[in-house]
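Commentary on secondary and tertiary structure
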Amino acid sequence: MPEQTFSAEEIDSRVRQSDFRNYRTILSKDTRETLVSDAVNIASACFAPACGLKYRVRKGRIVCFIDNYPSILVLRKISENLATVSNAYPSERSRIIKVLTLVLREETSYRIYRLDVRRFFESLSKSTVLAAVESTRVSQQTKSLLRFILNEHVATGNTGIPTGLAISSTLAEIMMLPFDDYVKTLPCTLFAARFVDDIILITTGEENSASLLESLKAKLPLGAHFNEEKYAQIDVERRKLNNISYRRFEYLGYSFQVRDNVVNPKLAERVVDVDLSERTVKRQLSRLAKAFRAYVKDGNFDDLQARIRYLTSNYRLFDTRVSRKRLAGIFHNHPFLTYHPGNSLSRLDTALRNLAHSGSQLRAGAGVALTASQRQALSQRSFLRGHRAKEYYCFSIKKLALVKRCWFDG
């Protein structure tokens, strides 16, 4: 059994590289030791007199946070203890999409279910969560600390699992483990995946849909319900020698469409068109408009060009959470896109060209016109080429902050 104690050594190992940026005082060795000691005392006292939970509204939802660094370290240790004993680790988004695309290309018949749990974190009761944790082999101290956090959360008038904390996703995984186990045992299951509360299920199609859905609802944690607005069910026939396209569905930032494409009178192939989800496309369109709007205000073409490069290319950055460099950008954020006619990247390129060549009265604002050379420079940028050719640009931390600021301030 891994070490579950809240000792100074265990707490200190929860300090992350990113903390040196967010909490600069821990750069000092003496200060770090003091903060770790404070965390040990907090764990021993079970957060008494209070955890210090705070709340803010983000995108219409209440998000919980703690601004006390020693308490944050304790929360990280609680999360690790829970995940270790329950094997409750979230699935990898990229792996889910990769396998899903392969399954969709199968030439047999199948049925797709797209499911989503409505306001999952808020729907769970404190007693249900604690009962699930109680059945695990996690230490009594971990259980006591978790109980104190949930009690304080409920005392503030909130329900369910507080979102935004280090323990949030781990508790969500624990609560959904029975559901996952049940889905895997269904004889009709060909593929099943879940990313927090987003679920995709592909079956043989031989089952009764209504009965299956009822059984799935019964396996959700007490208080949880499926979101009917996001429900999708699509029947895909065995590949035939005809051109047929099936209804699109969205999952984890992607849009999928299965179609049978006739190559010649004797051959058809099953194709899966993978696009950006409509929400992601709208976000990119909004960022394009805000970039031009910022240029209308300040007239700084270099900043506009940098923002367009950022949106249409890739870059390297240092991920302080794992203390290593990683790749990001138009390709690395969505590596599974396909280049079929009318794809979302081409749509974004059209929007960029329209903004670059439209009159100043139509360019996300009025008052500043681009020169011919400036329009040409922007027209050379392409979402499709940036993805396909994996184009890279270097951005300093300072430049990156400047580039992204207009999307949050604009």
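First, a word on what this report is: a plain description of the structure on this page. (Residues numbered from 1 in each chain as written. Predicted model: local features only at pLDDT ≥ 70, side-chain atom pairs only at ≥ 80, totals over all residues. Heavy atoms only, no water.)

Side note on the overall build of the protein chain
- Each helix and strand in the protein chain was counted, giving 16 helices and 12 strands.
- Its C-alpha atoms give the protein chain principal-axis dimensions of roughly 65 × 60 × 35 Å.
- Among the 410 residues that make up the protein chain, the fraction classed as buried is 48%.
- When the accessible surface of the protein chain is totalled, it reaches about 20,800 Å², and 51% of it is carbon and sulfur.
- Between the mean site of the 64 positive side-chain charges and the mean site of the 42 negative ones, the protein chain shows a separation of 6 Å. (Helix = DSSP H or I, 4+ residues; strand = E, 2+ residues; numbered from the N terminus. Buried < 20%, exposed > 50% of the residue type's maximum accessible area, 1.4 Å probe, protein only. Areas by Shrake-Rupley, 256 points an atom, 1.4 Å probe, with all protein chains shown as cover. Lys, Arg positive; Asp, Glu negative; His and termini not counted. Charge placed at Lys NZ, Arg CZ, Asp CG, Glu CD.)

Re the pairing of strand β1 (residues 54-58)
- Both β1 and strand β2 (residues 61-65) contribute to a ladder of five bridges, which runs antiparallel. In the sheet register, Tyr55 faces β2, and the bridge partner there is Cys64.
- Counting the residues between successive antiparallel strands, the hairpin from β1 to β2 contains two residues, one of them, Lys59, with a positive phi of roughly 55°. (Pairing = 2+ DSSP bridges.)

Some thoughts on the pattern of salt bridges
- Scanning all chains against the criterion turns up 25 salt bridges.
- Asp235 is the salt-bridge partner of Arg111, the closest N and O atoms lying 2.4 Å from each other. Taken together, the residues Arg111 in strand β3 (residues 110-116) and Asp235 in strand β6 (residues 232-236) connect sequence positions 124 residues apart.
- One salt bridge connects Glu214 with Lys217, and the closest N-O pair in it is separated by 3.5 Å. Of this pair, Glu214 and Lys217 both sit in helix α10 (residues 209-219), three residues apart, which is roughly one turn of that helix. (Salt bridge = Lys/Arg side-chain N within 4 Å of Asp/Glu carboxyl O.)

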